Amino acid sequence: MKTFTILFLLFCSINLIGQEKLKINIDNPEPRVGQKVNFTIEIDFLNDYFKDELGESIELTGSSSVFAMSSKDFQRVIIFNEAKKHEIGPFNFEFNGKKYTTDSIEVNVQPELPIEKGLWIRLAEFEGEHYIILEQLIENISNKTDNENGGYSHTIGGILPEGIEFAGLNENLTDGIELSNYSSSSNTLTAKDADFFDVGFSYSIKKYRVQFDDDFDGSYIISEKDFENLPEETELEKIELKR
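Residues numbered from 1 in each chain as written. Predicted model: local features only at pLDDT ≥ 70, side-chain atom pairs only at ≥ 80, totals over all residues. Heavy atoms only, no water.

Asks: Explain the confidence of the model for the chain to me, please; I cannot follow it from the model alone.
Replies: The predicted coordinates ought not to be read in detail in places where the model reports low pLDDT. Mean pLDDT over the chain stands at 86; residues scoring 70 or higher make up 87%. A low-confidence stretch, residues 1-16 stays under pLDDT 50, and its non-local contacts, those more than four residues away or across chains, total one contact. (pLDDT = per-residue confidence, 0-100. Contact = heavy atoms within 4.5 Å.)

Given below as structure tokens:
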């Protein structure tokens, strides 16, 4: 049995020799079911290959498509249809006589949000980094207006009420802990069975990367004072930050 194990490991080692390792990236450390996630693999080698093949007399420029050579990445949008931990990769392929393999990542996919007014905050860990994910749904109002020609104008799903702003976190929480705004976006969500003139909700997602000082040794619990534009009567779940 020991001899078989040694031979198997030796075979795997030989097979990996000469393979170039590529990195997988996603832009959401903990997405929900149905959310669009940008999935990328670094492919610098392919960009360099085409430049060499085209020669100096031809300039390789950027592209407006999803597959953009200027970014040196292969990029696609993926959507998870089940709430669970998903293992992505490794992927193995050969190009121009050379073997390539990617790393693998584990993605913890959360259930869909209910389409109702509310604020949700959670702590996520992805590839050794800590993130705070803040999501909010605010009920829209209709902006339907009639014009003198008998027509009308209307924004599908409605609009965010005037004077209402999404909640956010202060970046300086306490001595030894800072937040960096990893990414944020907003859009309109409506129920799947909504009619054309039904109002929906304005949805916001803000992702913060938690950064600890090297000498930080303790913990910190997120409270109301750490927020801006926090809705009244919001019940916060306990979010404790520690290394």
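Asks: Even after reading the chapter, I still don't get the pairing of strand E9 (residues 118-126), so can you show me in this structure?
Replies: Look at any regular strand and the pattern is simple: side chains alternate between the two faces of the sheet. Alignment of E9 against strand E10 (residues 129-139), held across nine bridges, turns out to be antiparallel. Bridge pairing in E10 links Ala-124 to Tyr-131. Where E9 folds back on E10, the antiparallel hairpin that results is connected by two residues, among which Glu-127 adopts a positive phi of roughly 50°. (Pairing = 2+ DSSP bridges. Helix = DSSP H or I, 4+ residues; strand = E, 2+ residues; numbered from the N terminus.)

Asks: For this particular structure, what's the right way to read helix H2 (residues 44-54)?
Replies: Along an α-helix, residues three or four positions apart point the same way, because every turn accommodates 3.6 residues. For H2, the full list of buried residues reads Phe-45, Leu-46 and Asn-47. Buried residues along H2 sit against strand E1 (20-22), strand E6 (92-95) and strand E7 (98-102). (Buried < 20%, exposed > 50% of the residue type's maximum accessible area, 1.4 Å probe, protein only.)

Asks: Even after reading the chapter, I still don't get the sheet that holds strand E15 (residues 177-189), so can you show me in this structure?
Replies: Strands belonging to one sheet form pairs held by backbone hydrogen bonds; the direction of such a pair is parallel or antiparallel. Spatially, E9-E10-E16-E15-E14 is the arrangement adopted by the five strands of the open sheet, whose pairing is antiparallel. Both outer strands of the open sheet, E9 and strand E14 (172-174), are each paired with one neighbouring strand and no more. Adjacent strand axes in the sheet meet at a mean angle of 25°, parallel and antiparallel pairs treated alike. (Axes fitted to C-alpha atoms, helices over the stretch in contact; angles between N-to-C directions.)

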